Amino acid sequence: MIDLRSDTVTRPTEGMRRVMLEAPVGDDVFGEDPAVNRLEEYVADLLGKEAALYAPSGTMTNQIGVHVNTNRGEEVLLHEGSHIFVYEAGAPAMLSGVQLRTLAGEAGVLDSETVRAAVRPEDVHFPRSRLLCLENTHNTSGGKIFPLEDFATVAATATELGLKVHLDGARLFNAQAATGIPAREWCAHADTVSVCSSKGLGAPVGSLLAGDEETIMEARRARKAFGGGMRQAGIIAAASLYAFENHVDRLAEDHDHARNLASGLREAGYDVREPETNLVLVAVDDPSEFLQALAREGVLATPGRPGYVRFCTHLDACDVLGTGEGIQRVVAACLRASEPISPIRG
Ligand code: TLP
C-alpha cells in the first residue's frame, strides 16, 4: 500500500525512537519535564518568540491560540478554507464561545482590503472583531505558501485595526524549505503561532503554540482546561525535538516528489494544481468513488477541496516516491481507478 493520505501517517524513525527511549522525564503539569522544557525553549527560539507551549495536537494549539486572543461573543476573521474553520469540529464556538467570519481569498491569502472591510464598527449591535487567523502553508489550497510580503501587509493592517493575529503554521516549515525564508520571518508578524511536529517533520504526536511570555502563561491554563496537560510527556516531546532538529531541511525532498507526481499525473491527462510544497490536488469527477477505487489499486489519498482528491508526500513515502518507478505506480493506479477529467475550475 502506498499511503499518501497525509504527512500525519509518518511513523517514528529509528533515531527518533532512540531519543524517546532515552528521554529524561518528569511531571510536565508541574513544569518538571526536562525534555518538554527543552523542546519549548528550542521552538520558542526557532520561531523568534519569548515562549512556547507543548500540546497534543495542532487542533489544540490552534484552539488555545483562539482562546487566549479572544473573549466570548467576539468575532474571528479567517479564510473560508482554513483548517480552523473547516476541520476543527466547531471548536471555536464550543471552547471559546466566539463567532467565525469567513473571508474569500485566492490560494488561502487574505488581503488588507478584505480584512478592513470585514472589521465591524463599534456599535452595540455588532460582535467585536478581535482576531485574524492566517494559515501557512494553506491546506485546502493545496499547500500554497502565503507570500511573506503579503503576510506582513495584512498582519500590519489587522494590528492597526486592533486585531490580534494567529498563524496556523502546521506546515510552516514546508514554506521555509520551499522558499529558503526562515519560519521566524512569518512569525514576526503574528502574536501567536501554532506549529506541528507530527506532520511532515515526522514526530508521532505534538504541536506547539508560541508567543510572548504572558500569553503563553495564559495558554498553559487553557491547555489544562482543554484537557491537554500531560504528565511524563518528555517521552513524546523528545521525538518532537528530534523532528525539529533533523527533519526540517529534508522537507524539500517531499516537495520534489510532489512536483514529480504532479507532472506524472498531468502527463497522464489529469487536471493537477501545480504544488508549491507537499500537497497535490487532482480534479476528479467523483472523489469518493475515485478514492475507493484507488485504494483497491493499492494507493491511499484523501478528499481535498470539493471536486478534488489530495495526495500528500512525506517521509514514509520517500523511498517509494524517490524513484520514477514509484511515481509511475501511483499514476497507473489512478488511471485504473478513473479516467482523467480536464474541467476548468476556479
Ligand atoms: N490537517 C490534517 C487533517 O485534519 C485535514 C491533514 O491531513 O492535513 N492546521 C492545519 C493547516 C492542518 O493541516 C492540520 C492537520 C491541523 C492544523 C491540525 O493538526 P492535528 O491533526 O495535529 O490536530
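Fair warning: this is a prediction, and the values are worked out from it, not measured in the lab.

Student: Just to check I follow, could you spell out the site of the ligand for this structure?
Tutor: Near the ligand you find 15 residues, and of these Ser 6, Gly 58, Thr 59, Asp 168 and Arg 171 are the closest. Separating an oxygen atom of the ligand from a side-chain N or O atom of Ser 6 is a distance of 2.7 Å. Interatomic distance of 2.9 Å between a side-chain N/O atom of Arg 310 and an oxygen atom of the ligand. Summarising the interface, the protein chains cover 81% of the accessible area of the ligand, which totals 510 Å² for the free molecule. In terms of residues, the shell around the ligand owes the most to one element, helix 3 (residues 58-68), which gives three residues. Its residues placed into classes, the shell around the ligand shows two nonpolar, seven polar and six charged.

Student: So what exactly am I meant to see when it comes to the nonpolar core here?
Tutor: Here is a general trend for soluble globular proteins: nonpolar side chains tend to be buried in one another's company. Leu 47, Tyr 54, Val 115, Leu 132, Phe 173 and Val 195 are the most contacted members of the largest nonpolar core, which has 52 residues in total. Looking at this core element by element, the count peaks at seven residues for helix 11 (residues 234-246). Apart from residues lying up to four places away in sequence, Leu 47 is in contact with Phe 173, Ala 183, Arg 184, Cys 187, Val 193, Val 195 and Ala 210.

Student: What is the right way to look at the packing of helix 1 (residues 14-22) against helix 11 in this model?
Tutor: Helix packing geometry: the angle between the two helix axes and the distance between the axes. Relative orientation of the contacting elements helix 1 and helix 11 amounts to 140°, with a least axis distance of 8 Å. In this view, helix 1 runs oblique relative to helix 11, as classed from their interaxial angle. By crossing handedness, the relation of helix 1 to helix 11 is classed as right-handed. Facing Gly 15, Met 16, Val 19 and Met 20 of helix 1, the residues of helix 11 in contact are Ile 235, Ile 236, Ala 238, Ala 239, Tyr 242 and Ala 243. Tallied by class, the residues present in the contact of helix 1 with helix 11 amount to nine nonpolar, one polar and no charged.

Student: How should the domain arrangement of the chain be read in this particular structure?
Tutor: Quite often, the size of an interface is put as the accessible area lost when its parts meet. According to the domain assignment, the chain consists of domain 1 (14-246) and domain 2 (250-337). Here domain 1 and domain 2 have C-alpha centroids that lie 28 Å from each other. The tally of links from domain 1 across to domain 2 stands at one salt bridge. A salt bridge links Glu 276 to Lys 144, with the shortest nitrogen-to-oxygen separation between them at 3.6 Å. Of the residues belonging to the side of domain 1 that touches domain 2, the class tally is six nonpolar, nine polar and two charged.

Student: How do you make sense of the pairing of strand 7 (residues 192-196) when you look at a structure like this?
Tutor: Across a regular strand the side chains alternate sides, sitting on one face of the sheet and then on the other. Of all the five residues making up strand 7, five are buried; the element is thus mostly covered by neighbouring parts of the structure. Alternating residues of strand 7 divide into Thr 192, Ser 194 and Cys 196 and Val 193 and Val 195, and every residue in both groups is buried. As defined by bridge partners, strand 6 (residues 164-169) adjoins strand 7 across four bridges and the pair is classed as parallel. Residue Gly 169 lies in a different strand from strand 7, and its bridge partner there is Val 195.

Student: For this particular structure, what's the right way to read the packing of aromatic side chains?
Tutor: As enumerated under the stated definition, the model contains two aromatic pairs in all. Note on Phe 146 and Phe 151: the rings are 5.2 Å apart at their centroids and 85° apart in plane angle, and the pair reads as edge-to-face. Comparing Phe 146 with Phe 151, the two get one shared label, buried. Between Phe 173 and Phe 244 the ring centres are 5.7 Å apart and the planes differ by 70°, which places this aromatic pair in the edge-to-face class.

Student: Where do I start with the sheet that holds strand 12 (residues 308-312) in this structure?
Tutor: Within a sheet, adjacent strands bond to each other through the backbone by hydrogen bonds, running parallel or antiparallel. The strand order across the open sheet formed by three strands is 9-12-11, and the pairing between neighbours is antiparallel. Only two strands of the sheet have a single partner each, and these edge strands are strand 9 (279-283) and strand 11 (302-303). Across two bridges, strand 11 lies against strand 12 in antiparallel orientation. Bridge pairing in strand 12 places Pro 303 opposite Val 309. This element, helix 13 (residues 287-296), spans strand 11 and strand 12 of the sheet and lies at about 40° to strand 12.

Student: Which parts of the structure should I look at to understand a nonpolar patch on the surface?
Tutor: Together, Phe 85, Val 86 and Tyr 87 make up an exposed nonpolar region whose accessible area comes to about 270 Å². Assignment of secondary structure puts Tyr 87 in the loop between helix 4 (83-86) and helix 5 (91-96). Classification of Tyr 87 by relative accessible area gives partly exposed; the value is 39%.

Student: Honestly, the state of the cysteines in this entry has me stumped. Any pointers?
Tutor: By definition, a disulfide links the sulfur atoms of two cysteines through a covalent bond. Counted according to the given criterion, the structure contains zero disulfides. Cys 187 takes part in no disulfide bond, and the closest cysteine sulfur, belonging to Cys 196, lies 13 Å away. The buried category is assigned to Cys 196, whose relative accessible area is 2%.

Rules of the game
- Residues numbered from 1 in each chain as written.
- Predicted model: local features only at pLDDT ≥ 70, side-chain atom pairs only at ≥ 80, totals over all residues.
- Heavy atoms only, no water.
- Near = heavy atom within 4 Å.
- Polar contact = N/O pair within 3.5 Å; in protein donor to acceptor, adjacent residues only side chain to side chain.
- Areas by Shrake-Rupley, 256 points an atom, 1.4 Å probe, with all protein chains shown as cover.
- Helix = DSSP H or I, 4+ residues; strand = E, 2+ residues; numbered from the N terminus.
- Nonpolar A, V, L, I, M, F, W, Y, C, P; charged D, E, K, R; others polar.
- Core = buried A, V, L, I, M, F, W, Y, C linked by side-chain atoms within 4.5 Å.
- Buried < 20%, exposed > 50% of the residue type's maximum accessible area, 1.4 Å probe, protein only.
- Contact = heavy atoms within 4.5 Å.
- Axes fitted to C-alpha atoms, helices over the stretch in contact; angles between N-to-C directions.
- Parallel < 35°, antiparallel > 145°, perpendicular 65-115°, else oblique.
- Left-handed = near helix turned anticlockwise from the far one by under 90°.
- Domains from an automatic or database assignment.
- Salt bridge = Lys/Arg side-chain N within 4 Å of Asp/Glu carboxyl O.
- Pairing = 2+ DSSP bridges.
- Phe/Tyr/Trp six-rings, centres within 6.5 Å; stacked < 30°, edge-to-face > 60°.
- Patch = residues over 30% accessible without salt bridge, like charges linked within 9 Å, V, L, I, M, F, W, Y side chains within 5 Å.
- Disulfide = S-S within 2.5 Å.

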